[in-house]
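# Chains, contacts and geometry: an overview
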Amino acid sequence: MAGYHLEAIEAAPLKDDVDIVIPTIRSLDFLEQWRPFLRHYHLIIVQDGDPSINIRVPDGYDYELYNRNDINRILGPRASCISYKDGGCRCFGFMVSKKKYIYTIDDDCFVAKDPSGKEINVIAQHIKNLETPSTPHYFNTLYDPFRDGTDFVRGYPFSLREGVQTAISHGLWLNIPDYDAPTQLVKPRERNTRYVDAVMTIPKGVLYPMCGMNLAFNRELIGPAMYFGLMGEGQPISRYDDMWAGWAAKVVCDHLGFGVKTGLPYLWHSKASNPFVNLKKEHKGLHWQEDMVPFFQNLRLSKESDTATKCYMELSKMTKENLTKVDPYFENLADAMVTWIEAWEELNPPVKNEACDEELNPPVKKGSVKDVKAK
Ligand SMILES: O=c1ccn([C@@H]2O[C@H](COP(=O)(O)OP(=O)(O)O[C@H]3OC[C@H](O)[C@H](O)[C@H]3O)[C@@H](O)[C@H]2O)c(=O)[nH]1
Ligand SMILES: [Mn+2]
């Protein structure tokens, strides 16, 4: 590996508790550069597009690979909820994983360097973000108080300093920023060169545009809500897979008392996708987001929805009731949300304790580090 030194090969934290999910419709050569950081982790590759094409996985990686034929074989008719010809197909990998944590990355993303020139271990930073509490109820102006060398500032209530469990860690990107097509078109040469050394909790009640390029989450807390929607071929919209999942997962996290962080780690996003192709894919989303965002901002989940699964089923009903008037597509999406949950439960049945017929690992209930009242 040109330029790689031993010290760059850091320990692989929680290597048995993390699956790396990669959607790909082109090549996995990018994994060569990630070897120092990813070679100890298990990969779940979701191959999109023509299943007869053989995608080469670089030697030395432990992986499972699923193409469209596999998805159809495993899910049967329920495969209809998994997008085709859209990066949103990655959520199939979330469903088949059995691990506590998921890290998902795009195949045109590479190792970035921090301002000191050191290669960034994205997994180590995401695990740190997920293993330390979030502070969604009161903003800490020195950002993440659980990072080394910082803390809660004066005026921060001690009753809130325990924080809540972190469900999602949203990383960022140097070089090609995740812009929508209109912005890409007017700023074709803009590159993100700004490395901001911060991790912050997204406050409760605030939505954000979740990008699937460099994303980690706790599958046990929020997995069922991380459905990347019905996008791509045969659908009127694409490139809103991660946005839909981000909005849905955030309202579920807020309701269940979990936190969402954004900021470090950075990776290097190498390729700008074609803005004209992107405009065709996402133009309905540019309109619909003016309805989707207020829908998520104003909804209130019921207190009976005390797990991610129950929240998501309620969300499906609300989607059908409130967004179908925007476009009939949302009726199909609402149905696909139910199909997703049915498929998730089929592949991830609760483990029963024979002795007392209790669920050994009941879905994680509301609250956690501190059972803060839902809104
Ligand atoms: O039909 C497809 C298209 C792409 N993929 C895989 O998805 C990953 C992202 O693809 P790409 O890098 O071409 O898209 P970007 O515009 O850079 O990505 C953003 O928008 C789309 C997604 O929401 C993505 O998460 C965003 O970052 C890449 O691995 C492709 O191979 C696919 O599977 N099928
Ligand atoms: Mn890309």
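You'll find the protein entered in an unreviewed UniProt entry as UDP-arabinopyranose mutase, with Camelina sativa given as the organism. What UniProt records for the protein under Function (unreviewed entry) is the sentence "Probable UDP-L-arabinose mutase involved in the biosynthesis of cell wall non-cellulosic polysaccharides." According to UniProt, the comment filed for the protein under the heading Sequence similarities (unreviewed entry) is "Belongs to the RGP family."

Turning to the nonpolar core, a few remarks are in order. One finds Ile 168, Ile 222 and Leu 315 to be the most contacted residues of the largest nonpolar core, which totals 67 residues. Among the elements that line this core, the one with the most residues is helix H7 (residues 241-256), at 10 residues. Apart from residues lying up to four places away in sequence, Leu 315 is in contact with Ala 248, Val 251, Val 252, Phe 296, Leu 299, Leu 301 and Met 337. Among the nonpolar cores identified, the runner-up in size contains 36 residues, and Ala 12, Phe 30, Tyr 103 and Leu 174 belong to it.

A few words on the coordination of the manganese ion (ligand 2). Taken together, Asp 108 (OD) and His 269 (NE2) make up the protein donors of the manganese ion (ligand 2), found 2.0 to 2.2 Å from the metal. Pair noted here: Asp 108 is in the loop between strand E4 (101-105) and strand E5 (109-110) and His 269 is in strand E9 (residues 259-269), with a separation of 161 residues, a long-range link. Summarising the burial analysis for this pair, Asp 108 and His 269 share the class buried.

Not every one of the 22 residues close to ligand 1 is listed here, only the nearest: Pro 23, Asp 48, Asp 107, Arg 239 and Ser 273. Take Arg 90: an N or O atom from its side chain is 3.1 Å from an oxygen atom of ligand 1. Between ligand 1 and Ser 273 there is a distance of 2.7 Å, counted from an oxygen atom to a side-chain nitrogen or oxygen. When ligand 1 is considered free in solution it has 650 Å² of accessible area, and contact with the protein chains removes 91% of it. Looking at the shell around ligand 1, the elements that each hand over two or more residues are strand E1 (18-24) and H7. Looking at the shell around ligand 1, its residues break down into five nonpolar, five polar and 12 charged.

Our focus in this paragraph is the packing of aromatic side chains. Counted according to the given criterion, the structure contains 17 aromatic pairs. An angle of 50 degrees between the planes, with centres 5.5 Å apart, marks the rings of Trp 340 and Trp 344 as tilted. Of this pair, Trp 340 and Trp 344 both sit in helix H10 (residues 329-347), four residues apart, which is roughly one turn of that helix. The exposure class of Trp 344 is buried, given its relative accessible area of 6%. Through a chain of ring-to-ring contacts, the aromatic side chains of Trp 244, Trp 247, Trp 288, Phe 295, Phe 296, Tyr 329 and Phe 330 assemble into a single cluster. The ring of Phe 158 carries Arg 161 above its face, with NZ or CZ at 3.6 Å from the centroid.

Per-residue pLDDT for the protein has a mean of 93; in total, 91% of the residues score no lower than 70. Counting interchain partners and residues more than four positions distant, the pLDDT-below-50 stretch residues 1-9 has 13 contacts. Note on residues 367-375: pLDDT is under 50 here. Beyond four places in sequence and across chains, it has 27 contacts. For this predicted complex, the interface confidence score (ipTM) comes to 0.97, while the overall pTM stands at 0.92.

Counting buried positions along strand E8 (residues 214-218) gives five out of five residues, so the element sits mostly inside the fold. Residues Asn 214, Ala 216 and Asn 218 line one face of E8 and the alternating positions Leu 215 and Phe 217 line the opposite face, and both faces are buried. Both E4 and E8 contribute to a ladder of five bridges, which runs antiparallel. By the bridge assignment, Ile 102 is partnered in E8 with Phe 217.

Following the sequence through the fold, Asn 278 ends up in helix H8 (residues 275-298). Owing to a relative accessible area of 3%, Asn 278 belongs among the buried residues under this scheme. Residues within four places of Asn 278 in sequence aside, it is in contact with Ala 181, Gln 184, Arg 239 and Ser 273.

Calculation criteria
Every chain is numbered on its own, with residues counted from 1 as its sequence reads. For this description, chains carry letters from A and ligands carry numbers from 1, given in the order in which they are written. Where local features are concerned, this predicted model is filtered to residues with pLDDT of at least 70; where side-chain atom pairs are given and counted, the filter is 80 or more; whole-chain, interface and lining totals use all residues. The basis for the side-chain values is all heavy atoms of the structure; hydrogens and waters are excluded. UniProt positions are given in the numbering used here, feature names are shortened, and annotations may be inferred rather than shown by experiment. Side-chain atoms within 4.5 Å link the members of a nonpolar core, which is a set of buried Ala, Val, Leu, Ile, Met, Phe, Trp, Tyr and Cys residues. For every residue, the accessible area (1.4 Å probe, protein chains only) is compared with the maximum for its type, and the residue is labelled buried under 20%, exposed over 50%, or partly exposed between those bounds. By definition, any uninterrupted DSSP run of H or I lasting at least four residues is a helix, any uninterrupted run of E lasting at least two residues is a strand, and each is numbered from the N terminus. Working rule for contacts: check all heavy atoms of both residues, and any pair within 4.5 Å makes them a contact. For Na, K and Ca the donor cutoff is 3.2 Å, while for all other metals N, O and S atoms must lie within 2.8 Å; water is not among the atoms, so some sites may look incomplete. Here, proximity means that at least one heavy atom of the residue falls within 4 Å of the molecule or strand. Each polar contact in these results corresponds to two N or O atoms within 3.5 Å; when the atoms are within protein, one needs to be able to donate a hydrogen and the other to accept it, and residues that are neighboring in sequence are counted only if both atoms are side-chain atoms. Per-residue accessibility takes into account occlusion by the displayed protein chains alone, with areas from the Shrake-Rupley method and a 1.4 Å probe. Residue type decides the class: Asp, Glu, Lys and Arg count as charged, Ala, Val, Leu, Ile, Met, Phe, Trp, Tyr, Cys and Pro as nonpolar, and the leftover types, Gly among them, as polar. Each Phe, Tyr or Trp ring, with Trp reduced to its six-membered ring, pairs with another whose centre is within 6.5 Å; inter-plane angles below 30 degrees give stacked pairs, above 60 give edge-to-face pairs, and intermediate values give tilted ones. Here, a charge over a ring is recorded when the distance from Lys NZ or Arg CZ to the ring centre is within 6 Å and its angle to the ring normal is within 35 degrees. Per-residue confidence from the predictor is given as pLDDT, running between 0 and 100. Each pair of strands is called paired provided DSSP finds at least two bridges between the two strands.

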